[in-house]
Amino acid sequence: MEKERETLQTWKERVGQELDRVVAFWMEHSHDQEYGGFFTCLGRDGHVYDDLKYVWLQGRQVWMYCHLYRKFERFRCPELLDSAKAGGEFLLRYARVAPPGKKCAFVLTRDGRPVKVQRTIFSECFYTMAMNELWRVTGEAHYQTEAVEMMDQIVHWVRKDPSGLGRPWLPGTPASESMAVPMMLLNLVEQLGEADDELAGKYAELGDWCAQRILQHVQRDGQAVLENVSEDGKELSGCLGRHQNPGHALEAGWFLLRHAIRKGDSELRVHVIDKFLLLPFRSGWDPDHGGLFYFQDVDGLCPTQLEWAMKLWWPHSEAMIALLMGYSDSGDPALLRLFYQVAEYTFCQFRDPEYGEWFGYLNREGTVALTIKGGPFKGCFHVPRCLAMCEEMLGALLRRLAPVPDRGAGSPSADPAC
């Protein structure tokens, strides 16, 4: 028991100190003081190599700053909140391509002019998360109005009429569903419903629908999680149908586990741990070099994606959250051992001790492939979200072992980011 406590305490302190370093990196290098919002195309040392702004990353950073401000006493500082509000106002002013329409740009110029639109829901999803979290920390009702209106538009696109996304219907396109869509919607249900009985009730049926759609991706008699299935939950043919994304399955796992815990569904909790945590981890872990493969083919054929064997930052971040949440819920020591395995690999391979933050892209062997700290896909989100959630879960586990005063989420570092 004492050895377990010491290990948990060590990791809690390690994670908390790393969270401080990561947040400090973004606070120092990413803020656009002239136009608002954030630079995300950052080199290893934080220099800005491109000033384009990606709407989904703007929303993620607003959400992350607000979440830290709300949940962690040591991050409750004016600079963090002011930067989040400036980012939120930038989104309100520029994210939507043709107001009052809800479709958001994917890429903006530094001063907010639209460059590119994607025919998906993801810019809008992170816009919604940002606005809801801004409302939670400021109490300003217009942010919540924006969040709920955008949420309802997203649901309309997904469940009723996708034509507003601008995606043409082509007769040869298979009627498929990516796991990313119900995953993202389930995350929004949890976000908007937190401590809000009215919205939790409004979106309860949607949450159950999302969970069932995600569960359809367990195929091959329960032996594989596939990224794409048909609309009626059947396996698709070809590369599209065989495609696996271990990191996505693990992320879906903790989304589902959180949903099952909230509903008190013990049977679903057991199923999720087995099929969305243990199964994708065991199939996705590289036995030769460690780390999670980015993509796999369920039949063991060579994937067509050039980056399939690379090790990326976000699957490992999601694995840390999922495995620690699974252990916190089940008490299965195997899950805690896997958490330590992933965390050790991740801290050793991705972390940059010289300049802070994490490298995002490694070769299969674990060497750094790209030295950039941010770009069109990597921003201030997966790493700090992982570290914040793990710090909270590790603190809760320590309190469960022995109810003694703990430094908690207040000040694990002598040099906090704020």
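Not measured: the values here are computed from a predicted model.

A.B. asks: Any chance you could explain the environment of F295 here in plain terms?
C.D. replies: Here F295 lies in the loop between α11 (266–284) and β11 (296–297). Along the chain, F295 and V225 lie 70 residues apart, while their C-alpha atoms are 12 Å from each other. Those residues in contact with F295, other than ones at most four positions away along the chain, are H243, Q244, N245, P246, P303, Q305, E307 and W308.

A.B. asks: Before we go on, may I ask you to explain the side chain of R60 in this structure?
C.D. replies: With respect to the secondary-structure elements, R60 resides in helix α2 (residues 55–71). Notably, R60 is buried but unbridged: the nearest opposite-charge side chain belongs to E251, and the N-O separation is 6.6 Å. In contact with R60, other than residues within four places in its own chain, are F126, F377, C380, F381 and H382.

A.B. asks: Help me understand the pattern of salt bridges, please; the structure alone is not making it clear to me.
C.D. replies: Two side chains with opposite charge may pair up if their charged atoms get near one another. Under the criterion given, the structure shown has 35 salt bridges. Residue R113 pairs with D111 through a salt bridge whose shortest N-O separation is 3.1 Å. On the accessibility criterion, D111 (25% relative accessible area) is partly exposed. When salt bridges with common partners are traced through the structure, they connect D32, E34, K53 and R110 into a single cluster.

A.B. asks: Can you walk me through helix α4 (residues 122–138) in this structure?
C.D. replies: Working note: α-helix, 3.6 residues per turn, so residues spaced by three or four point in the same direction. For α4, built from 17 residues, the straight-helix expectation of 24 Å at 1.5 Å per residue is met to within 8% by its first-to-last C-alpha distance of 24 Å. Among the 17 residues that make up α4, 15 are buried, leaving the element largely enclosed by the rest of the structure.

A.B. asks: Quick question: what am I supposed to make of the sheet that holds strand β13 (residues 361–362) here?
C.D. replies: In any sheet, the strands associate via hydrogen bonds between backbone groups, in a parallel or an antiparallel arrangement. Strands sit in the order β12-β13-β14 across an open sheet of 3 strands; the sheet is antiparallel. In this open sheet, the two strands that pair with only one neighbour each are β12 (311–312) and β14 (368–370). For β13 and β14, the ladder comprises 2 bridges, and the chain directions are antiparallel. When the bridges of β14 are listed, L362 appears paired with V368.

A.B. asks: When you look at the nonpolar core in this model, what are you seeing that I'm missing?
C.D. replies: Nonpolar side chains in soluble globular proteins tend to end up buried together. Counting residues in hydrophobic clusters, the biggest one holds 134 residues, and the most contacted among them are L68, L80, M151, F276 and F339. With residues up to four places along the chain from it excluded, the contact list for M151 reads T128, L185, L188, V189, L192, Y203 and L206.

A.B. asks: Mind showing me how you'd approach the packing of aromatic side chains here?
C.D. replies: Remark: the centre distance and the inter-plane angle together describe each pair of aromatic rings, the angle taken between the planes. Here the structure, examined in full by the defined rule, presents 22 aromatic pairs. Ring geometry for W56 against F126: centres 6.4 Å apart, planes inclined by 70 degrees, an arrangement best described as edge-to-face. In this pair, W56 is assigned in helix α2 and F126 in helix α4, connecting sequence segments 70 residues apart. Ring plane angle 85 degrees and centroid distance 6.0 Å describe the contact between W56 and F377, whose orientation is recorded as edge-to-face. Placement of W56 in helix α2 and of F377 in the loop between β14 and α14 (382–401) is noted, with a sequence separation of 321 residues between them. Note that R60 overlies the ring of W56, its terminal NZ or CZ placed 4.5 Å from the centroid. Over the face of the ring belonging to F126 we find R60, whose NZ or CZ atom lies 4.3 Å from the ring centre.

A.B. asks: Just to check I follow, could you spell out α14 for this structure?
C.D. replies: If you check α14, its first and last C-alpha atoms are 28 Å apart, about what 20 residues at 1.5 Å a residue would give, namely 28 Å. Along α14, 15 of the 20 residues are buried, which leaves the element largely enclosed by surrounding structure.

A.B. asks: How do you make sense of the environment of N245 when you look at a structure like this?
C.D. replies: With respect to the secondary-structure elements, N245 resides in the loop between β10 (243–244) and α10 (246–263). With 50 residues separating them along the chain, N245 and F295 place their C-alpha atoms 4.9 Å apart. What N245 contacts, discounting residues up to four positions off in sequence, is E227, Y294, F295 and W314.

Analysis parameters
Residues numbered from 1 in each chain as written. Predicted model: local features only at pLDDT ≥ 70, side-chain atom pairs only at ≥ 80, totals over all residues. Heavy atoms only, no water. Helix = DSSP H or I, 4+ residues; strand = E, 2+ residues; numbered from the N terminus. Contact = heavy atoms within 4.5 Å. Buried < 20%, exposed > 50% of the residue type's maximum accessible area, 1.4 Å probe, protein only. Lys, Arg positive; Asp, Glu negative; His and termini not counted. Salt bridge = Lys/Arg side-chain N within 4 Å of Asp/Glu carboxyl O. Expected span 1.5 Å × (residues − 1). Pairing = 2+ DSSP bridges. Core = buried A, V, L, I, M, F, W, Y, C linked by side-chain atoms within 4.5 Å. Phe/Tyr/Trp six-rings, centres within 6.5 Å; stacked < 30°, edge-to-face > 60°. Lys NZ or Arg CZ within 6 Å of the ring centre and 35° of its normal.

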